[in-house]
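If you want the building blocks of each chain, they are given just below.
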Amino acid sequence: MNNDLREKVKELTLILLYLTSWEEELLDMKYRRSWKGYDFGILDELADDDLISGGHRSKSVAITDAGINKAKELLKKYKIEFD
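In this report, the structure presented in the accompanying data block is examined. Everything numeric here is computed off the predicted structure, so don't read it as measured data.

### Side note on the nonpolar core
Here is step 1: Counting 15 residues, the largest nonpolar core has Leu14, Leu17, Tyr18, Leu43, Leu46, Ile52 and Ile63 as its most contacted members.
Here is step 2: Contributions of two or more residues to this core are made by α1 (3-19), α2 (40-48), β4 (60-63) and α3 (65-77).
Here is step 3: Beyond its immediate sequence surroundings of up to four residues, Leu43 is in contact with Thr13, Leu17, Lys36, Tyr38 and Ile52.

Right, dumping it as C-alpha coordinates:
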(Lines give C-alpha, C1' and ligand atoms only; values in the text may rest on other atoms or scores of the structure.)
Protein backbone atom coordinates (compact mmCIF):
# COMPACT_ATOMS: atom_id res chain seq x y z
CA MET A 1 0.00 0.00 0.00
CA ASN A 2 1.51 3.36 -0.98
CA ASN A 3 1.95 6.07 1.68
CA ASP A 4 -0.89 8.27 0.40
CA LEU A 5 -3.38 5.41 0.50
CA ARG A 6 -2.10 4.26 3.91
CA GLU A 7 -2.60 7.79 5.30
CA LYS A 8 -6.19 7.86 4.00
CA VAL A 9 -6.89 4.45 5.57
CA LYS A 10 -5.42 5.72 8.83
CA GLU A 11 -7.61 8.85 8.73
CA LEU A 12 -10.75 6.89 7.89
CA THR A 13 -10.01 4.35 10.62
CA LEU A 14 -9.79 7.17 13.17
CA ILE A 15 -13.10 8.54 11.90
CA LEU A 16 -14.73 5.11 12.26
CA LEU A 17 -13.30 4.66 15.75
CA TYR A 18 -14.75 8.04 16.72
CA LEU A 19 -18.16 7.50 15.09
CA THR A 20 -18.61 4.11 16.75
CA SER A 21 -17.28 5.19 20.15
CA TRP A 22 -19.15 5.54 23.41
CA GLU A 23 -18.49 7.55 26.54
CA GLU A 24 -17.28 5.89 29.72
CA GLU A 25 -16.44 7.32 33.11
CA LEU A 26 -13.75 6.17 35.50
CA LEU A 27 -12.84 8.02 38.69
CA ASP A 28 -14.87 11.08 37.60
CA MET A 29 -12.98 11.22 34.30
CA LYS A 30 -14.93 10.79 31.07
CA TYR A 31 -13.36 9.33 27.96
CA ARG A 32 -14.43 7.72 24.68
CA ARG A 33 -13.87 4.05 23.85
CA SER A 34 -14.33 2.08 20.65
CA TRP A 35 -13.95 -1.53 19.57
CA LYS A 36 -10.67 -2.16 17.83
CA GLY A 37 -11.82 -4.34 14.95
CA TYR A 38 -9.54 -2.63 12.45
CA ASP A 39 -6.11 -3.31 10.95
CA PHE A 40 -3.70 -3.69 13.87
CA GLY A 41 -0.86 -2.00 11.95
CA ILE A 42 -3.03 1.09 11.48
CA LEU A 43 -4.13 0.97 15.13
CA ASP A 44 -0.47 0.80 16.17
CA GLU A 45 0.27 3.91 14.06
CA LEU A 46 -2.66 5.79 15.63
CA ALA A 47 -1.35 4.80 19.07
CA ASP A 48 2.18 5.94 18.09
CA ASP A 49 0.62 9.31 17.14
CA ASP A 50 -1.08 9.45 20.61
CA LEU A 51 -4.54 9.53 19.00
CA ILE A 52 -5.68 6.32 20.72
CA SER A 53 -4.50 4.23 23.64
CA GLY A 54 -5.22 0.75 24.89
CA GLY A 55 -3.56 -2.47 25.84
CA HIS A 56 -2.83 -5.20 23.34
CA ARG A 57 -5.04 -7.64 25.25
CA SER A 58 -8.16 -5.47 25.46
CA LYS A 59 -10.85 -5.55 22.79
CA SER A 60 -11.32 -1.80 22.84
CA VAL A 61 -9.23 1.37 22.73
CA ALA A 62 -9.60 4.78 24.32
CA ILE A 63 -9.60 7.76 21.99
CA THR A 64 -7.41 10.53 23.36
CA ASP A 65 -8.45 14.20 23.38
CA ALA A 66 -6.02 14.73 20.49
CA GLY A 67 -7.69 11.82 18.67
CA ILE A 68 -11.16 13.29 19.19
CA ASN A 69 -10.01 16.67 17.90
CA LYS A 70 -8.29 15.08 14.88
CA ALA A 71 -11.38 12.97 14.11
CA LYS A 72 -13.56 16.10 14.17
CA GLU A 73 -11.13 17.82 11.75
CA LEU A 74 -11.23 14.78 9.48
CA LEU A 75 -15.04 14.73 9.49
CA LYS A 76 -14.91 18.26 8.07
CA LYS A 77 -12.16 17.32 5.59
CA TYR A 78 -14.21 14.44 4.21
CA LYS A 79 -17.47 16.45 4.44
CA ILE A 80 -19.11 13.95 6.79
CA GLU A 81 -21.91 15.49 8.81
CA PHE A 82 -22.35 14.08 12.31
CA ASP A 83 -24.42 15.33 15.24
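Moving on from the model shown.
### A short note on unusual backbone geometry
Here is step 1: Within the chain, Asp50 stands out as a residue other than glycine whose phi angle is a positive 60°.
Here is step 2: Structurally, Asp50 can be placed in the loop between α2 and β3 (52-53).
Here is step 3: Its relative accessible area of 54% is what places Asp50 among the exposed residues.
Here is step 4: Even without glycine at this site, Lys79 takes up a positive phi of about 55°.

### Notes on the packing of α1 against α2
Packed helices, taken two at a time, are described by the angle between their axes plus the distance between the axes.
Here is step 1: Across the interface, α1 lies against α2 with an axial gap of 10 Å and an inter-helix angle of 80°. In terms of orientation, α1 and α2 fall into the roughly perpendicular class. On α2, the residues that touch Arg6, Val9, Lys10, Thr13, Leu14 and Leu17 of α1 are Gly41, Ile42, Leu43, Glu45 and Leu46.
Here is step 2: Residues that form the contact of α1 with α2 fall into these classes: six nonpolar, two polar and three charged.

Criteria and thresholds
By convention here, each chain's residues receive numbers from 1 onward along its written sequence. Given that this is a predicted model, residues contribute local features only at a pLDDT of at least 70 and side-chain atom pairs are listed and counted only at 80 or more, while totals for whole chains, interfaces and linings are drawn from all residues. By convention in this description, side-chain values take in all heavy atoms of the structure and omit both hydrogens and water. Throughout, nonpolar core names a set of buried Ala, Val, Leu, Ile, Met, Phe, Trp, Tyr and Cys residues whose side chains join them through atoms within 4.5 Å. Throughout, exposure labels follow a simple rule: accessible area from a 1.4 Å probe, protein chains only, divided by the maximum for the residue type, with under 20% read as buried, over 50% as exposed, and the rest as partly exposed. Numbering goes from the N terminus for both helices and strands, where a helix is a DSSP run of H or I of at least four residues and a strand is a run of E of at least two. Note on contacts: a residue pair is in contact if any heavy atoms of the two residues lie within 4.5 Å. Orientation is described by axes fitted as lines to C-alpha atoms, over the contacting stretch for helices, and by angles from 0 to 180 degrees between their N-to-C directions. Our angle categories are set so that under 35 degrees counts as roughly parallel, over 145 as roughly antiparallel, 65 to 115 as roughly perpendicular, and the remainder as oblique. For this classification, Asp, Glu, Lys and Arg are treated as charged, while Ala, Val, Leu, Ile, Met, Phe, Trp, Tyr, Cys and Pro are nonpolar and the rest, including Gly, are polar.

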